[in-house]
Amino acid sequence: MPSSSILALATAITGASAAFQGFNYESKGNNQQSFEAQFKNAQGLEGTNGGFTSARLYTMIQDGTANDPISAIPAAISTKTSLLFGLWASGGQAQFDNEISALKKTASQYCDKLDGLVAGISVGSEDLYRDSPIGQAAGENPGAGPKVLLDYVQQTRDAIKGTCLEKAPIGHVDTWTAFANSTNKVLSDGLDWVGMDAYPYYENQKDNGIDNAKELFQAAIDNTNTGTGGKPLWITETGWPVSGKSENKAQASVENAQTFWREVGCPRFGKVNVFWFIMQDGGPSQSDKPSFGVVGGNTLSTKPLFDLSCDGYTNGGSGSSSSSSSASASSSSQESTSASGSATGTATGSQTQTSATGTSETGVPVTSGAPSTLSTSAAPSSSSGPAGTGSPSSNSQPAGTGVVPSRTPTSPAGSNTPTPVGSNSAAGLNSVAAAVAALMAAVAAF
């Protein structure tokens, strides 16, 4: 391999020591100029000290094209924004072929410019949820099962082999209820990391007021860790709405959004990989759809709706701490390896990245090593809408399931409207298990 290619391979995957910190971004209606404006705005948000320098995408395809690379890539290069690539996986093999084509073109066109800007690759977003009984009951678009997704993961590994993206850690994003389902462990076993979407606001069959939000969030982390065997975990979608209807005890308000930011976000920012939902959506006055944007209105502004500084809240608040610990916690660090068993911790593959699967006294997952493998032990979150499936249309998920709104697309565009997806509590898991058992019994009787 030419020395220039080796250099590109070594620099495409970031080796920074801090965790990735950013927002989710939809593709629909965005071009390079608009992506650049959003990325710059995120970096300039008052109170964040320029900490939001990463972006999560739902598709590799530019809106309005068949398989051209998304223009967020040159925008990220221009603004030095790291990217969590996303391949839409709920459109069938023909659609996924276009995602793979865009991924290959990305490696071909941009490898010499990506310099440490690739956080990782997500194959799919909330596909397991949409493929489940509760997803179908909520009217979600068809998703994809674990074996199909595992095949897509292998197709992705094959596509990037020998390119500057070869060492990018590959994961899948879904609701915590999907990862807690043991039948899906065949998929998580084949991943480098799992991305969890979690929205306590939508857990409307529980005590889901803001006072209990951080406990519900930790429960989502614990259940995800248990279901995946402590697989490195990233928080790929979470947030609290600044406006919108109430969900049981959960009230949408700027004040509550700030409390959630401080109690769930601040203790984790810079320590685990977090992609918040969302910097800006349809604005603060939506009567039928909750608004999760930390920036209001239709015009970008670096002045947020509430104070985003984390002074005094990086350890869980003013002297407070979360007593929950991960059910799969281990006090020792483990090596984060790829599905093939090879190290994915560094761009050259010469080292392994470790991550502790335990939690600190504040209930925050402890992470060690470079975020290139993004091996963090806990992270919850979402689905469509704020939750994170990355399609242009948002679907509503069964209330009280504990997973944030999920975006189910007819195309991989990405939607900023969240839909409730899963539940972060054992009760939610039991209800899902009961529904599955009933379905199996019906099939057996038939």
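See the structure shown above.
Please read all numbers here as calculations on a predicted model, not as lab measurements.

**Some thoughts on the side chain of threonine 48**
Move 1: For threonine 48, the location among the structural elements is in the loop between helix H2 (32-43) and strand S2 (54-56).
Move 2: Its relative accessible area of 9% is what places threonine 48 among the buried residues.
Move 3: A polar side-chain atom of threonine 48 sits 2.8 Å from the main-chain carbonyl oxygen of leucine 45.
Move 4: Apart from residues no more than four positions distant in its own chain, threonine 48 is found in contact with Ala42 and Leu308.

**As for the nonpolar core**
Move 1: The biggest cluster of nonpolar side chains holds 85 residues, and the ones touching the most others in it are Phe23, Phe85 and Trp261.
Move 2: Among residues more than four places away in sequence, those in contact with tryptophan 261 are Phe23, Phe52, Cys266, Phe269, Trp276, Val294, Phe306, Leu308 and Cys310.
Move 3: Judged by nonpolar contacts, the second largest core, of seven residues, contains Leu84, Ala119, Trp193 and Trp234.

**Some points on the state of the cysteines**
Move 1: Under the criterion given, the structure shown has two disulfides.
Move 2: Here cysteine 111 is linked by a disulfide to cysteine 164, with a sulfur-sulfur distance of 1.7 Å. Given an S-S torsion of about -80°, the disulfide between cysteine 111 and cysteine 164 has left-handed geometry. With cysteine 111 in the loop between helix H4 (93-110) and strand S4 (118-125) and cysteine 164 in the loop between helix H7 (146-160) and strand S5 (170-175), this pair connects stretches of sequence that are 53 residues apart. For the residue pair cysteine 111 and cysteine 164, the accessibility class agrees, reading buried in each case.
Move 3: The disulfide that involves cysteine 266 links it to cysteine 310, with 2.0 Å between the sulfurs. Taking the sign of the S-S torsion, -75° for the link of cysteine 266 and cysteine 310, the bridge is left-handed. One end of the pair, cysteine 266, is in the loop between helix H11 (254-265) and strand S8 (274-276); the other, cysteine 310, is in the loop between S8 and strand S9 (333-336), and 44 residues separate them in sequence. As far as the burial class goes, cysteine 266 and cysteine 310 line up, both buried.
Move 4: Listing the disulfide partners of the chain by sequence rank of the bonded cysteines yields 1-2, 3-4.

Parameters at a glance
Residues numbered from 1 in each chain as written. Predicted model: local features only at pLDDT ≥ 70, side-chain atom pairs only at ≥ 80, totals over all residues. Heavy atoms only, no water. Helix = DSSP H or I, 4+ residues; strand = E, 2+ residues; numbered from the N terminus. Buried < 20%, exposed > 50% of the residue type's maximum accessible area, 1.4 Å probe, protein only. Polar contact = N/O pair within 3.5 Å; in protein donor to acceptor, adjacent residues only side chain to side chain. Contact = heavy atoms within 4.5 Å. Core = buried A, V, L, I, M, F, W, Y, C linked by side-chain atoms within 4.5 Å. Disulfide = S-S within 2.5 Å.

The analysis is restricted to geometry; functional conclusions fall outside its scope.
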